[in-house]
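# Understanding the architecture of this molecule
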Amino acid sequence: MNSLLPDEREYPQLTGPAKPSLEKLAHQQIREHMMNGYFLPGMLLSENELAERFGMSRTPIRAAISLLEKEGFVESIRGRGVFVKDISFREFHEMFEVLSSLQLYSLDIAAMRKLDFDLPTLEGYLERQLRASAEDDYRTYYESGLLFIETMLHIVKNASMLQIIEQIKGKYMFKIISYRKLHVHTLPKPQQSGHFNKRIYQALAAGDLDEARGVVLELIEQMRRQFQSFDM
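Residues numbered from 1 in each chain as written. Predicted model: local features only at pLDDT ≥ 70, side-chain atom pairs only at ≥ 80, totals over all residues. Heavy atoms only, no water.

### Topic: the packing of aromatic side chains
Summed over the entire model, instances satisfying the criterion amount to 6 aromatic pairs. Each ring, one from Phe92 and one from Tyr172, has its centre 4.6 Å from the other, and the planes form 25°; the classification is stacked. Residue Phe92 is located in helix α4 (residues 89-113), and its partner Tyr172 is located in helix α7 (residues 159-182); the two are separated by 80 residues in the primary sequence. Assigned by exposure class, Phe92 and Tyr172 land together as buried. Considering the side-chain rings of Phe92 and Phe227, the 5.8 Å spacing of their centres and the 50° angle between planes classify their relative orientation as tilted. Of this pair, Phe92 sits in helix α4 while Phe227 is found in helix α9 (residues 209-227), placing the two residues 135 residues apart along the sequence. The same class applies to Phe92 and to Phe227, which are both buried. Positioned above the aromatic ring of Phe89, the side-chain terminus of Lys175 is 4.0 Å from the ring centre. (Phe/Tyr/Trp six-rings, centres within 6.5 Å; stacked < 30°, edge-to-face > 60°. Helix = DSSP H or I, 4+ residues; strand = E, 2+ residues; numbered from the N terminus. Buried < 20%, exposed > 50% of the residue type's maximum accessible area, 1.4 Å probe, protein only. Lys NZ or Arg CZ within 6 Å of the ring centre and 35° of its normal.)

Following this line, the structure appears as structure tokens:
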């Protein structure tokens, strides 16, 4: 298999009493490589190569792959092996609509309860996102966009809603990053999310929650039109 992995082997230093199990570490490492665009849809994942790469036996690798399959990141094909699974545009669009709905809810609750958003933190994520766009840093760009939404949702103080974001952001990130990696020469710089987040932030800074809500709705409609061009 032609590997897209970087040559260097950089792993987190495991310090303190609570070290992760080899299974958990293998799961984290494989997901990290997916999030960074080193494992792309359709690629064969070899247990032997992964075990050698991460310096462990095939047993934790096999367990990690089983968990990734349950999460929807890989699929096993009898007689062929384990392959990185593509996330459909339909599923990606549904995840986007969930995120947008949570964002709208946070605005409605803020208006009803007269709550203030954490503007300094929102500004920090926005600046980070815009900077990442200029530097073609896709992962930081989309991570910052998700953290912008998550920060808005913190105003609701609902742990279950935050857990929803945690559950879908991995597949959401993998779809958009892998798609950009596969079409790096035909797609423009990522700008849409940053552009709309900037408008949302400006509306929140001005205390205009109705304007912020209108911007989110505008993005939802724009994304709906864009996804109509894909086979979902």
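Alright, that's what it looks like, and here's the rest.
### Comments concerning helix α2 (residues 47-54)
Along an α-helix, residues three or four apart share an orientation, since each turn contains 3.6 residues. Restricting attention to buried positions, one finds in α2 the residues Glu47, Leu50, Ala51, Arg53 and Phe54. On an axial view of α2, the arc spanned by its buried residues comes to 165°, and they lie on one face. Structurally, α2 contributes buried residues whose contacts are with α1 (22-35), β1 (44-45) and α3 (58-71). Looking at the residues trailing α2, positive phi occurs at Gly55, about 65°. (Arc of directions from axis to C-beta. Contact = heavy atoms within 4.5 Å.)

### Brief notes about the pattern of salt bridges
In the structure shown here, the tally under the stated rule is 13 salt bridges. As a salt-bridge pair, Glu221 and Arg224 come within 2.5 Å of each other at their nearest N and O atoms. Here the residue Glu221 and the residue Arg224 both occupy positions in helix α9, the gap between them amounting to 3 residues, near one helical turn. We classify Glu221 as partly exposed; its relative accessible area is 30%. Among the residues examined, Arg224 registers a relative accessible area of 35% and is labelled partly exposed. Taking the shortest distance from any N to any O, the salt bridge between Glu221 and Arg225 comes out at 3.6 Å. Here Glu221 and its partner Arg225 are both found in helix α9, 4 residues apart, which amounts to about one turn of the helix. Within this structure, Glu32, Arg139 and Glu143 form a network of salt bridges that share partners. (Salt bridge = Lys/Arg side-chain N within 4 Å of Asp/Glu carboxyl O.)

### Topic: unusual backbone geometry
With phi around 55°, Lys114 is a residue other than glycine that occupies positive phi space. When you line up the elements, Lys114 lands in the loop between α4 and α5 (119-134). Residue Lys114 is classed as exposed on the basis of its relative accessible area, which comes to 73%. Of note, Lys157 is a non-glycine position whose phi angle comes to about 60°, a positive value. Within the secondary structure, Lys157 is located in the loop between α6 (138-153) and α7. For Lys157, a relative accessible area of 77% corresponds to the exposed category.

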